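These are the residues of each chain, in order.
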Amino acid sequence: MNQLDMEIIFNKKKKEKPSSQTLEFGKVFTDHMFIMDYTRGQGWHDPRIIPYQPLSLDPSAMIFHYGQSVFEGMKAYLTQDKDIVLFRPEKNFQRLNKSNDRLCIPQLDVDFVLEALKKLIKVDNEWVPEAPGTSLYIRPFVISTEPYLGVAPSDSYKFIIIMSPVGSYYKEGIHPVKIAVETEFTRAVSGGTGEAKTGGNYASSLKAQEVSESLGYSQVLWLDGVEKKYVEEVGSMNVFFKINGEIITPELNGSILQGVTRTSIIELLNHWNIPVAERKISMAEIREAYHEGKLEEAFGTGTAAVISPIGEFLWNDEKMVINNGLTGEISKKLYDSLTGIQNGTEPDLLGWITKVLTAESVK
Ligand code: COI
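Residues numbered from 1 in each chain as written. Predicted model: local features only at pLDDT ≥ 70, side-chain atom pairs only at ≥ 80, totals over all residues. Heavy atoms only, no water.

Domain boundaries in the protein chain define domain 1 (3-167 + 351-357) and domain 2 (177-327). Between the C-alpha centres of domain 1 and domain 2 the distance comes to 28 Å. Opposite the 20 residues of domain 1 that make contact, domain 2 presents 20 residues. For the domain 1 and domain 2 pair, buried surface summed over both sides reaches about 1,600 Å², with 57% attributable to carbon and sulfur atoms. (Domains from an automatic or database assignment. Contact = heavy atoms within 4.5 Å. Buried area = accessible area lost by both parts, 1.4 Å probe.)

Written as structure tokens, this is what we have:
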């Protein structure tokens, strides 16, 4: 299958674009979407860009019953030179294939879907917002579509890409968020699907999220599912700590999502000669560091969340306020550098940027 096989049906009814100053996260969608089908025996076929529209699926489609689905989150940015760029997009599509493997969904051709995404962005290029802190969020996903109620991998799928101009994921914007440490519910255990980006992981997190919000916290920090001792991740981001000058993040253990932003932050810190310890870290260690005045910073990383400073943890009724609830120095430096690389105000020293459109070609 190559790019030339792709059909494009343009949307005749273009939507009004929201002001880029007031964008929220994931509420409005662009004029077009990419879609292609998979049928066992035939493979992936019929790639096409079509007007953004509802899907028509059989009520017995397997996605509705057993949740066999995967997704990704990535972003396109408008640089200061008005080019449109992507950040390490191949990493997201490689991870999508890892998730596919875990969920028994057929593999995608990474080069092909990246070309398809570039084409979709070109069609909807006017939707990439320009206000600082905004971007075009990209949601590729696969759903199982076979009409069948037996528990088995589906024989048919749809791969779809939709796009949404977004502002900050958290209502706090770039200000520190408050996070409640989850002591009752479990997100994932070793051998489960914690490492895959699949809807079920997020569905099972909602209850804890609801409780934490009722207490005034933005999200929960998940602990390991066995001992409820070691830190894993926050609902929509990986987590880092600065303790007594050392940067620490939980090691990948099969139940933590391998974030593209997480990897990039480790690489960026290493590039600055700041070592990062990837190891087990317990809440008890964090509490002790807090009481000794050594818990200097905490922050989350994610495509949607970018770099999100954490101003407070709640753990078993104890509130730990970090850096007086203010953004720490390393969190700020990482946020500025990462967004600078993405917006073209900082050089792309590590080769992370893929150009989709140049300012000249858009005119
Ligand atoms: C992302 O950071 O893109 C994610 O997929 C998190 C999402 C659940 C909002």
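Another aspect to go through is the packing of aromatic side chains. Given two aromatic rings, one states the distance between the centres and the angle between the planes to describe the pair. All told, the structure shown has 12 aromatic pairs when counted by the stated rule. Ring centres 5.2 Å apart and planes at 65° place the aromatic pair Y38 and W44 in the edge-to-face group. With 6.5 Å between their ring centres and 75° between their planes, W44 and F159 make a pair best called edge-to-face. Taken together, the positions of W44 in strand 3 (residues 43-51) and F159 in strand 8 (residues 156-166) put the pair 115 residues apart, joining distant regions of the chain. Neither W44 nor F159 differs from the other in exposure class; each is buried. Members of the aromatic cluster, joined through ring pairs, are F34, Y38, W44, Y157 and F159. One residue, K178, lies across the ring of Y217, its end atom 5.1 Å from the ring centre. Positioned above the aromatic ring of W272, the side-chain terminus of K333 is 4.1 Å from the ring centre. (Phe/Tyr/Trp six-rings, centres within 6.5 Å; stacked < 30°, edge-to-face > 60°. Helix = DSSP H or I, 4+ residues; strand = E, 2+ residues; numbered from the N terminus. Buried < 20%, exposed > 50% of the residue type's maximum accessible area, 1.4 Å probe, protein only. Lys NZ or Arg CZ within 6 Å of the ring centre and 35° of its normal.)

By volume, the largest pocket amounts to about 940 Å³. If you trace the largest pocket, you find 41 residues lining it, with F25, Y169, Q219, S236 and A304 closest to the centre. When residues of the lining of the largest pocket are traced back to their parent elements, those giving at least two are strand 7 (135-144), strand 8, helix 5 (206-214), strand 10 (219-223), helix 6 (260-271) and strand 15 (295-302). Partitioned by chemical class, the residues of the lining of the largest pocket number 17 nonpolar, 17 polar and 7 charged. Domain assignment of the residues forming the lining of the largest pocket places at least three in each of domain 1 (3-167 + 351-357) and domain 2 (177-327). Of the voids in this model, the second largest pocket is the one considered here, and its volume is about 460 Å³. Surrounding the second largest pocket, 30 residues form its lining, P132, G133, T134, Y335 and N343 being those nearest its centre. For the lining of the second largest pocket, the secondary structure elements donating two or more residues are strand 5 (74-78), strand 16 (306-315) and helix 8 (329-343). With 4 residues, the top contributor of residues to the lining of the second largest pocket is helix 8. Partitioned by chemical class, the residues of the lining of the second largest pocket number 14 nonpolar, 13 polar and 3 charged. (1 Å grid on protein atoms, 1.4 Å probe; cavity = no way out; pocket = protein on both sides within 12 Å on 5 of 7 lines; lining within 4 Å. Points joined across faces, edges and corners; volume = space filled by probe spheres on them. Nonpolar A, V, L, I, M, F, W, Y, C, P; charged D, E, K, R; others polar.)

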